[in-house]
Amino acid sequence: GSFAMLFYGNEVIAYVGKLADDAPVTAAGNAEVSAKNETTARLIAGSLNVSPATLGVGLTVGAIANGVGTTDITRAETAGHINVGGIFRQIAENDVDYLSVTVAASVAPGAGGNPIGGAVNVIDMQNHVESVVTGQIYAIDDVNVLARNNARLLIVPLAIAVGAGSAVAAGVAVSVIV
């Protein structure tokens, strides 16, 4: 059998000013505060069991954990007074792409063997995206505040159990998204 795990945490912050202080932002045209996180995670694991024993088990477990013990935060933050009169944009964007492929195979070539193949995927996604303006905004024209979370997830579990004249052949695939 095999067991593959991937743990990670990201923190991306773009801000103007401090939370406790006034930090005026004046824009009679263009001003932009931006924070962007792009993460790609690939987890590929497999196992193969070939045995003439009475019971043969092939098991693969794959786990992707995002934000466990750490924070995955994408934040654009502006504190204070904002006097726009033109274009002011504030963007926080998180773009993640997960792929988890687990393959487990068990082959019992002899008579009387009982093969069991099992594949398990566990995905823990904790993405936090925010665009915060603390203070006041005086605007005569354009103001845009945006927070976007784009998450893509593809899970491919495959379990195969093959036996020649076996009494029992079982293949189980389980996927869990937390």
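See the structure above.
This write-up is about the structure you can find in this document. Per chain, residues are indexed from 1 in the order of the written sequence. Two thresholds apply to this predicted model, a pLDDT of at least 70 for residue-level local features and 80 or more for giving and counting side-chain atom pairs, whereas whole-chain, interface and lining totals are computed over all residues. Computation of side-chain values: all heavy atoms of the structure, hydrogens and water removed.

## Remarks on the sheet that holds strand β4 (residues 32-50)
Rules: Paired strands are those between which DSSP finds at least two bridges. We count a stretch as a helix when DSSP gives it H or I for four or more residues in a row; a strand needs E for two or more, and each element gets its number in order from the N terminus. The axes are straight lines fitted to the C-alpha atoms, using for helices just the contacting stretch, and the angles between their N-to-C directions are given from 0 to 180°.
Strand order in the open sheet formed by 3 strands is β4-β7-β10, with parallel pairing between adjacent strands. The strands lining the two open edges of the sheet, one partner per strand, are β4 and β10 (144-163). Mean inter-strand twist for the sheet, computed between neighbouring axes without regard to direction, equals 0 degrees. Where strand β7 (residues 89-108) meets β10, 20 bridges bridge the pair, whose relative direction is parallel. Bridge pairing in β10 places I91 opposite L146.

## Considerations on the environment of G58
Counted only if it meets this: Two residues qualify as a contact provided that any one of their heavy atoms is within 4.5 Å of a heavy atom in the partner residue.
If you trace the backbone, G58 turns up in strand β5 (residues 55-66). On a C-alpha basis, the gap between G58 and A119 in space is 8.4 Å, while along the polypeptide they are 61 residues apart. With residues up to four places along the chain from it excluded, the contact list for G58 reads S47, N49, A104, A105, S106, I116, G117 and G118.

## Some thoughts on the environment of F7
Along the chain, the position of F7 falls in strand β1 (residues 2-8). Along the primary structure F7 and D124 are separated by 117 residues, whereas in three dimensions their C-alpha atoms are 9.4 Å apart.

## Quick look at a nonpolar patch on the surface
Worth spelling out the cut-off: Residues enter patches when their relative accessible area tops 30% and they take part in no salt bridge; the joining distance is 9 Å for like charges and 5 Å for the nonpolar side chains Val, Leu, Ile, Met, Phe, Trp and Tyr. Surface accessibility follows the Shrake-Rupley procedure with a 1.4 Å probe radius. Residue values consider only the protein chains on display as shielding. Think of a salt bridge as a Lys or Arg side-chain nitrogen and an Asp or Glu carboxyl oxygen that are within 4 Å of each other. Relative accessible area decides the class of each residue, using a 1.4 Å probe on protein chains only: under 20% of the type maximum gives buried, over 50% gives exposed, and in between gives partly exposed.
A surface patch of nonpolar side chains, amounting to about 340 Å² of accessible area, comprises F3, M5 and F7. Along the chain, M5 falls in strand β1. With relative accessibility at 42%, the residue M5 sits in the partly exposed group.

## So, the pattern of salt bridges
Taken as a whole and assessed by the stated rule, the structure comprises 4 salt bridges. Here K36 makes a salt bridge to E38, at a shortest N to O gap of 3.2 Å. For E93, the salt bridge identified is with R148, shortest N-O distance 3.8 Å. Pair noted here: E93 is in strand β7 and R148 is in strand β10, with a separation of 55 residues, a long-range link.

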